[in-house]
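# Commentary on secondary and tertiary structure
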Amino acid sequence: MTALRLKDAVFSMSTEHEMRSTAYELIRTKSFILGKRKLSSGKDSNHYFDMKRSMLDPRGVNVLANLIFELLPETRVDFIGGLELGAVPLIGPLVMLSHNKGRPIPGLIVRKKPKEHGTAKLVEGADDLRGKNVVVVDDVTTTGGSAMKSIRALQAEGANVFLIISILDREEGATELYEREGLAFNPLFKASQFLNAR
């Protein structure tokens, strides 16, 4: 039994390493763009990460959802959510994966502004978030402002947001912002991993 457990552990580590390598290569070839671009924060940058191209790739969304799921804590997670549009391609696959892994976690989508018809909701996917533990996901974090919009909306509805998971941290202030807010932040990759490899 011990040998079986050890074998399974080695297999899991190998699989995670392979998934990280696959995700890195997909981001490097599909999403990492050199050249001047304006960021959502309003800043100009000489490089850009168009993460939608990796998240909407069949292999890409599979490995990214698996890697993010492995970062979820063992403690109770009631919802996985995030701000439109960056988090949306991740939420559906994560919800489905949680079911397939026997740990079903429903999803939430935070709108940038309330719906102007129907329910007029700002947060889609739950009626009562009071006391619920929520993990926020994001595609790319720069200053952390985009994810904070969703966090503030969720907190206003009584949710306990305790962790942000991002595919990539541009290392331009998000870590410091979340630290000041008392929020744990765990990115899969950092911009320097791509910039230093050029």
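Conventions we followed
Residues numbered from 1 in each chain as written. Predicted model: local features only at pLDDT ≥ 70, side-chain atom pairs only at ≥ 80, totals over all residues. Heavy atoms only, no water. Helix = DSSP H or I, 4+ residues; strand = E, 2+ residues; numbered from the N terminus. Buried < 20%, exposed > 50% of the residue type's maximum accessible area, 1.4 Å probe, protein only. Contact = heavy atoms within 4.5 Å. Areas by Shrake-Rupley, 256 points an atom, 1.4 Å probe, with all protein chains shown as cover. Core = buried A, V, L, I, M, F, W, Y, C linked by side-chain atoms within 4.5 Å. Pairing = 2+ DSSP bridges. Axes fitted to C-alpha atoms, helices over the stretch in contact; angles between N-to-C directions.

Turning our eyes to something else, we now look at the overall build of the protein. Scanning the protein for helices and strands turns up 7 helices and 8 strands. Looking at the protein residue by residue over its 198 residues, the buried ones come to 42%. Nonlocal contacts in the protein, meaning residues at least 24 apart in sequence, comprise 66% of its contacts between residues at least 6 apart. Here the protein has roughly 10700 Å² of accessible surface; of this, 52% comes from carbon and sulfur atoms.

Here the focus is the nonpolar core. Membership of the largest hydrophobic core comes to 34 residues, with the highest contact counts inside it found for Phe49 and Val137. Of all the elements in the fold, those that place two or more residues in this core are α1 (2-31), α3 (58-71), α4 (88-100), β6 (133-141), β7 (160-169), β8 (184-190) and α7 (191-195). Sort the elements by how many residues they give to this core and α3 lands first, with 6 residues. Counting 22 residues, the second largest nonpolar core, distinct from the first, contains Val110, Val134, Ile164 and Ala174.

Tracing the chain through its elements places serine 31 in helix α1. The buried category is assigned to serine 31, whose relative accessible area is 0%.

All right, on to the sheet that holds β8 then. Read across the sheet, 6 strands follow the order β5-β4-β3-β6-β7-β8 without closing on themselves; strand pairing throughout is mixed. Every interior strand has two partners, whereas the edge strands, β5 (123-124) and β8, have only one. Across the face of the sheet, helix α5 (residues 145-156) comes into contact with β3 (79-83), β4 (107-110), β5, β6 and β7 while running at roughly 160° to β6.

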